[in-house]
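What follows is each chain in one-letter form.
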Amino acid sequence: MKQTGRRSFVYFGAAIGGCGMVLAIAFLLLSRRSDDAPGTRPASRPVEPAARENEVSTETSEIRFAQVSPEISGINFRYYGAPSDRNFMTEQNGGGVALFDADGDGSLDVFLVNGSSFAAPADASARSRLYRQSAFWRFNDSTGEARLRFIGFGQGCAAGDYDNDGFCDLYVAAYGANALWRNNGDGTFTNVTGEAGVESTGWATSAAFADLDADGHPELFVVNYVNWQPEDVTGDRIPSPMRHDGLPDLLYRNSGDGRFVELGTEAGIALAPEGKGLALAIADLNGDFRPDIFVANDTTRNFLFQNEGELQFREVGVLHGCATSEDGKLGSSMGVSVSDYNRDGRPDLFVTNFAQEVVDVFENIGPHGFLAANAELGVDASSREMLNFGIVARDLNADLWPDLYFANGHLWDATESGGTYRMRPSLLENVEGRRFVDVSDSAGDYFRASWLGRAAAYGDIDNDFDPDLVVSHLLAPPALLRNESDRAGEVAMVQLIGTHSSRRALSVRVDAVVDGEIHAAHVPAGESFQASHDPRIQLAVGPARSIDELRVYWPVGGVEVWKDVPTGALRFLRQGTGSPE
């Protein structure tokens, strides 16, 4: 009966018209937690930093990660400019992470975004850095060789092939001036920010490339945060975003000639001052073969921009049940991930939040939107005491069911008053789509220590067909986490190469058919928090040694089918070489 009641609410929301929308938004604006002072975050309760409630698994999980030390990896990076006793707001987010093949050698490289300080501005020693992988889990600092020079208040980043030349380009979001770097194909990059028409100032946090108008050229979507100035310092803690107006997000249309045109207002996505965005995910959420955009907003309602075609979007977050948390109150949304946790063929949403809030799980129920499912899935108990940032929803042990990782860490140090600061990361195992169980205690030494976790990126760093993780921290080097899970089944890995679609095809659906059963994979752009991920697709298919049929739903060009695709191998699928369906 409880679930039926929630379904009725979502159906009603989908049915109301313009007046209902106004009333719903008014309700949201009045639904801040009554026990918090205006313009403040939820209070931090005095709890043990490593507190776990009643969802801790008493069994040993098959999911395990080993942390690769900086001495082995060669990555001894530290984010510059945070935190300090001045409590500037730019100190809270830390730097982003991108996993991408920068030099075309088939191995993932790591890009780490660096920051700055108003008290002591960064110099060349604190620039963002590119680490090229020379052997599995061993990296060399190639920033100078690559001619990548970004110095400033860096936040997130996005890797994507905006000019469809086969070489992955890089965008850096920042407080102040953002930057676009074109990959020259010879191991070097060129700053083309002005030439490409993507110059902007303000406070950008996350970004993603995706073909939003089905013309084969990926657009650039940039999430902006709040209108904050360094003069606004509250002293004892980082200011709340409630004190500041939000900034409009940006949508740059790709003209196909190396230039972009900003069309956010015309497209319907520039909703300042409501938007206070920290993360985004771009995926076809309603099954109409058009990529939609979810924006996680901090202390305001989340946005769901439904793609109406021709670069026109309609904001439907309230109507479709994913604008607020399950209790109807506004959350402090930090990160977002997309996966089909219950294997019903529809992509679901996972959204991280502030401490004393919970990780929201929005189950996709089709045309009527989303149901909040986090409480019944057991996610509340494992997430409520944590301040979550980056999140990854992927099948970590090839048992067919997407699991959850989220990075945790507070904004301010409340340990002297019995509160928290550094926090343990969280790993939740998906039990056949019915429950998520916290298995952090058995997942490895990294999960038994406490960190100031921020961005989290996933990718197969050692090409062994399972997702590894890179997590950025404040006050510590990033964590490189090697997946050592006992795999429950076989895995195929595919890389899509678009010809009519954009070359690096994202926001697509791929179906693996084995013995008549469909294993659906949704491949979003963006995701997590200030991060960019491996574009290769890992498909767990159980004990099968091959996939009977692999169907790719291209954004442009329809559906293609490949037959007898082997597991245990990387397969490049070039558009036009499969059989049309």
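Conventions and cut-offs
Residues take numbers from 1 onward in each chain, read along the sequence in its written order. The predicted origin of the model limits local features to residues at a pLDDT of at least 70 and limits the giving and counting of side-chain atom pairs to 80 or more, whereas totals for whole chains, interfaces and linings rest on all residues. Processing note: side-chain calculations cover all non-hydrogen atoms of the structure and skip hydrogens and water entirely. Put simply, buried Ala, Val, Leu, Ile, Met, Phe, Trp, Tyr and Cys residues joined by side-chain atoms within 4.5 Å make one nonpolar core. To sort residues, take the accessible area from a 1.4 Å probe on protein chains only and compare it with the maximum for the residue type: under 20% means buried, over 50% means exposed, and anything in between is partly exposed. Only DSSP runs of H or I with at least four residues qualify as helices, and only runs of E with at least two residues qualify as strands; both kinds are numbered from the N terminus onward. Only heavy atoms enter the contact rule, under which two residues are in contact if any of them lie within 4.5 Å. For this analysis, a ring pair means two rings from Phe, Tyr or Trp (six-membered ring only for Trp) whose centres lie within 6.5 Å, classed as stacked if their planes differ by under 30 degrees, edge-to-face if by over 60, and tilted for the remaining angles. Any Lys NZ or Arg CZ found within 6 Å of a ring centre and within 35 degrees of that ring's normal is scored as a charge over the ring.

A. Broad picture of the nonpolar core. The biggest cluster of nonpolar side chains holds 44 residues, and the ones touching the most others in it are Ile75, Trp203 and Leu387. Looking at this core, the elements that each hand over two or more residues are strand E2 (97–100), strand E3 (109–112) and strand E26 (453–459). For Trp203, the residues in contact, after removing those within four places along its chain, are Met89, Thr90, Asn93, Gln155, Ala174, Tyr175, Val223, Asn224, Tyr225, Val226, Trp228 and Leu247. Residues Ala208, Ile269, Ile282 and Val510 belong to the second largest nonpolar core, which totals 39 residues.

B. Here's a closer look at the side chain of Glu91. Inspection of the secondary structure puts Glu91 in the loop between helix H3 (70–73) and E2. Discounting residues that sit within four places of it in the chain, Glu91 has contacts with Gly81, Ala82, Pro83, Ser84, Ile238 and Leu474.

C. Quick peek at the packing of aromatic side chains. Counted by the stated rule, this structure contains 22 aromatic pairs. Ring centres 5.6 Å apart and planes at 45 degrees place the aromatic pair Tyr162 and Phe260 in the tilted group. Residue Tyr162 is located in the loop between strand E6 (153–160) and strand E7 (169–175), and its partner Phe260 is located in strand E13 (residues 260–262); the two are separated by 98 residues in the primary sequence. With centroids separated by 6.2 Å and ring planes inclined at 85 degrees, the aromatic side chains of Phe350 and Phe436 adopt a geometry described as edge-to-face. Separated by 86 residues along the polypeptide, Phe350 in strand E19 (residues 348–351) and Phe436 in strand E25 (residues 435–438) bring together distant segments of the chain. Neither residue differs from the other here; Phe350 and Phe436 are each classed as buried. Within the aromatic cluster, the residues linked to one another by ring pairs are Phe88, Phe118, Phe153, Tyr175, Trp203, Tyr225 and Trp228. Taking the ring centre of Trp412 as reference, the NZ or CZ of Arg237 above it sits at 4.0 Å.

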